[in-house]
Amino acid sequence: MREYPEIDVSDGVYPPSDDTYLLLDAINFKAEDSVLDVGCGAGLGTVIAACKASSVVGIDISLDAAKNTAANLKRNNMERTAGVVQSDLLSAISSRSKFSIILFNPPYLPADDNSTMMDHAHIGGKLGSELTQKFIGQASRHLIDGGELFVVVSTLADTSTVMKAFRNYGFQIERVAEKSLFFEKIQVLRGIFRGQKETVL
Ligand SMILES: C[S@@+](CC[C@H](N)C(=O)[O-])C[C@H]1O[C@@H](n2cnc3c(N)ncnc32)[C@H](O)[C@@H]1O
């Protein structure tokens, strides 16, 4: 387990939890990496990536989370290495931008009848996996060949559709970490991007 920098967590922002640490412990950021931290939350992953990689962008649909990440980059003197943008998945990322590592600890739980202020951080769609599937498609357009995509999945959601999305978008997949929690098992999947599939007419 790595040493974690000090960060603050704002109200309404997801606090670093078991899934955060499982994901970050599974990634080896290197000096030459360009990193996109999707759903950056309080910014722990963005700060850690910025300590190692040459360029880092954190994005989150929540403005509070984007501001929280920016403040934590400043707190750790990393604001020159990393930028933060409010974005729904990768919609605000230029089509020309390519990364060597993209990570996402997504909202991965299936929707239920009880809505809370933190649904944006927990609920990934009716089956729990819809947002992750959409993310994989978008991320495949922003990875270099051989680039790595890391994502957290839960046995409470439909992981088979996530695996299918990985394969459809040209990834080779492996499970690189897992942890059993009270009601579920969470896993980190690593997809290595093998290039856009050619369309044969
Ligand atoms: C489980 S939290 C993870 C936060 C942080 N990365 C961590 O691991 O502690 C999921 C994050 O994804 C963000 N999120 C949810 N839907 C999103 C979307 N469509 N685009 C970008 N971020 C999204 C949430 O606001 C939340 O900050």
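Described below are features of the structure shown in this document. Starting afresh in each chain, residues are numbered from 1 along the sequence in its written order. Restriction of local features to residues with pLDDT of at least 70 applies here, the model being predicted, together with a cutoff of 80 or more for giving and counting side-chain atom pairs; totals for whole chains, interfaces and linings are based on all residues. Hydrogen atoms and water are omitted, and side-chain values are computed over all heavy atoms in the structure.

1. As for the overall build of the chain
To keep it simple, the criterion reads: Secondary structure elements follow DSSP: runs of H or I of four or more residues count as helices, runs of E of two or more count as strands, with numbering from the N terminus. Between the two quantities, the radius of gyration covers C-alpha atoms and the globule rule is 2.2 Å times the number of residues to the power 0.38. Residue burial is assigned from relative accessible area. The probe radius is 1.4 Å, only protein chains are included, and a residue is buried under 20% of its type maximum, exposed over 50%, and partly exposed in between. We call two residues in contact whenever any of their non-hydrogen atoms come within 4.5 Å of each other. Each accessible area is a Shrake-Rupley estimate made with a 1.4 Å probe; only the visible protein chains count as cover when residues are assessed. Two residue types count as positive, namely Lys and Arg, and two as negative, namely Asp and Glu; His and chain ends fall outside the count. A single reference atom marks each charge: NZ on Lys, CZ on Arg, CG on Asp, CD on Glu.
Counting secondary structure elements, the chain contains six helices and nine strands. The C-alpha atoms of the chain give 16 Å as radius of gyration, which agrees with the globular expectation for 201 residues (17 Å, within 12%). The dimensions of the chain, computed from C-alpha atoms along their principal axes, are 50 × 40 × 30 Å. Buried residues in the chain amount to 48% of all 201 residues. Residue pairs in contact within the chain that sit at least 24 positions apart in sequence constitute 66% of those at least 6 positions apart. Working note: accessible area of the chain is about 10300 Å², and carbon and sulfur atoms make up 50% of it. Positive and negative charge centroids in the chain, built from 20 and 25 side chains respectively, lie 7 Å apart.

2. A word on the site of the ligand
Quick reminder of the rule: The cutoff for a nearby residue is simple: one of its non-hydrogen atoms must lie within 4 Å of the molecule or strand. In protein, a polar contact means a hydrogen-donor-capable atom and an acceptor-capable atom, both N or O and within 3.5 Å, with residues adjacent in sequence counting only if both atoms are side-chain atoms; elsewhere, any N or O pair within 3.5 Å suffices. Cavities and pockets are found on a 1 Å grid laid over the protein atoms alone: a cavity is a set of points where a 1.4 Å probe fits but cannot escape, a pocket is an open set with protein on both sides within 12 Å along at least five of seven lines, and a lining residue has an atom within 4 Å of such a point. Whether a molecule lies in a cavity or pocket depends on its atoms, and more than half of them have to be within 2 Å of the grid points. Under the convention adopted here, Pro, Cys and the residues Ala, Val, Leu, Ile, Met, Phe, Trp and Tyr are nonpolar, Asp, Glu, Lys and Arg are charged, and Gly plus all remaining residues are polar.
Lining the immediate surroundings of the ligand are 19 residues, of which Thr 20, Gly 39, Asp 60, Asp 88 and Leu 89 lie closest. Note that a nitrogen atom of the ligand is positioned 2.8 Å from one of the side-chain N or O atoms of Asp 88. Between Asn 105 and the ligand, the recorded distance is 2.9 Å, taken from a side-chain N or O atom to an oxygen atom. A total of 590 Å² of accessible area belongs to the ligand in isolation, and the protein chains cover 94% of it. For the ligand, the cavity whose grid points lie within 2 Å of the majority of its atoms is the largest pocket. For the shell around the ligand, the per-class residue count stands at ten nonpolar, seven polar and two charged.

3. Some words on the side chain of Thr 132
Here Thr 132 shows up in helix H5 (residues 130-140). Exposure remark for Thr 132: the relative accessible area of 2% places this residue in the buried category. Filtering out sequence-adjacent residues up to four positions away, Thr 132 remains in contact with Pro 106, Val 151 and Val 162.

4. Some details on empty space enclosed by the protein
If you roll a probe as big as a water molecule over the atoms, it shows you where there is empty space left. To be explicit about the condition: Grid points are joined across faces, edges and corners, and a volume is the space filled by probe spheres set on the points.
Applying the stated criterion to the full structure yields one cavity of 30 Å³ or more. When its volume is computed, the largest cavity comes out at roughly 40 Å³. Residue lining of the largest cavity: Tyr 108, Gly 128, Ser 129, Thr 132, Val 152, Val 153, Ser 154, Ala 157, Thr 159 and Val 162, and that is the complete set. It is strand E7 (residues 143-154) that contributes the most residues to the lining of the largest cavity, three residues altogether. Of the residues contributing to the lining of the largest cavity, the split by class is five nonpolar, five polar and no charged.

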